[in-house]
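# Structural overview for review
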Amino acid sequence: ALLFPQVRRDLKSRPETRWLLLWALGGLLLMTFIPAKRVDRIYPVVPPLCLLAAEWCAALWTDRRVRIATGAATLAALLFAGGYFIGLVPLSIKEGASALVEFSARARATAASHGVAEITLPRARDDGLLLYFDRVRYDSKSDALARWKAGLPIALVLSDRSVKQFFDGMVPPKPAMVSDELRRKNERRYYLFLNH
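Since the model is a prediction, treat every value here as computed from it, not as a measurement.

This part is about the pairing of strand β2 (residues 154-159). Counting buried residues along β2, 6 of its 6 residues qualify, which places the element largely inside the surrounding structure. Because side chains alternate across β2, one face comprises the buried residues Ile 154, Leu 156 and Leu 158, and the other comprises Ala 155, Val 157 and Ser 159, equally buried. Bridge analysis of strand β1 (residues 118-120) against β2 gives 3 bridges, and the strand direction is parallel. Across the sheet, Glu 118 pairs through a bridge with Ile 154, a residue of β2. As judged from the 6 bridges shared by β2 and strand β4 (residues 190-195), these two strands associate in the antiparallel manner. Paired with Val 157 across the two strands is Leu 192, which belongs to β4.

Structure, rendered in structure tokens:
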């Protein structure tokens, strides 16, 4: 869009358009330096990009090439997004995406049935774990280990990768519950340990 003189004139004459462009570029630049690329972190950049696209399409609408390019881009976006969604649903079912949700529900019920109200979550690779356990942040490993060693009644959720690290030098107790195998990039299995 910046190749068109009408768009460059619009940027020079309208500060609100410049502000939208800086908002979008600033968000994209920030996303470049954030190591965890969760999809929800791009959401703040979407509104200014949509407003800029609408503003610039309106400014260039008299040009026939722009109308054709806009129609082609819209059609390509619909096909891409629709194809992605249609392909993602069966893939998620095949990979057992609901296993983590089911594990968290069963883990909360198991902990409650043993009279343990507090579920401790040391850091894991699955960001959704916080959401499924109604938590805002992960617990530090040192705090969780101190509470565990003190014999406080807590439930501890650990991934198969972190069990050995957490119980370093100790014999891990028998887990109260084990998740189904998660066929995903992050963790393969989660365990619920009860200290009651």
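Once the structure has been displayed, the description carries forward.
This part is about the packing of helix α2 (residues 15-33) against helix α3 (residues 46-60). The geometry of α2 relative to α3 is characterised by a closest axis approach of 8 Å and an angle of 140° between their N-to-C directions. Between α2 and α3, the angle is such that the two are oblique. As for the relative orientation of α2 and α3, their crossing is left-handed in sense. Of the residues in α3, those touching α2 at Thr 17, Leu 20, Leu 21, Trp 23 and Ala 24 are Pro 47, Pro 48, Leu 49, Leu 51, Leu 52, Glu 55 and Trp 56. For the contact of α2 with α3, the per-class residue count stands at 10 nonpolar, 1 polar and 1 charged.

Cut-offs applied
- Residues numbered from 1 in each chain as written.
- Predicted model: local features only at pLDDT ≥ 70, side-chain atom pairs only at ≥ 80, totals over all residues.
- Heavy atoms only, no water.
- Buried < 20%, exposed > 50% of the residue type's maximum accessible area, 1.4 Å probe, protein only.
- Helix = DSSP H or I, 4+ residues; strand = E, 2+ residues; numbered from the N terminus.
- Pairing = 2+ DSSP bridges.
- Axes fitted to C-alpha atoms, helices over the stretch in contact; angles between N-to-C directions.
- Parallel < 35°, antiparallel > 145°, perpendicular 65-115°, else oblique.
- Left-handed = near helix turned anticlockwise from the far one by under 90°.
- Contact = heavy atoms within 4.5 Å.
- Nonpolar A, V, L, I, M, F, W, Y, C, P; charged D, E, K, R; others polar.

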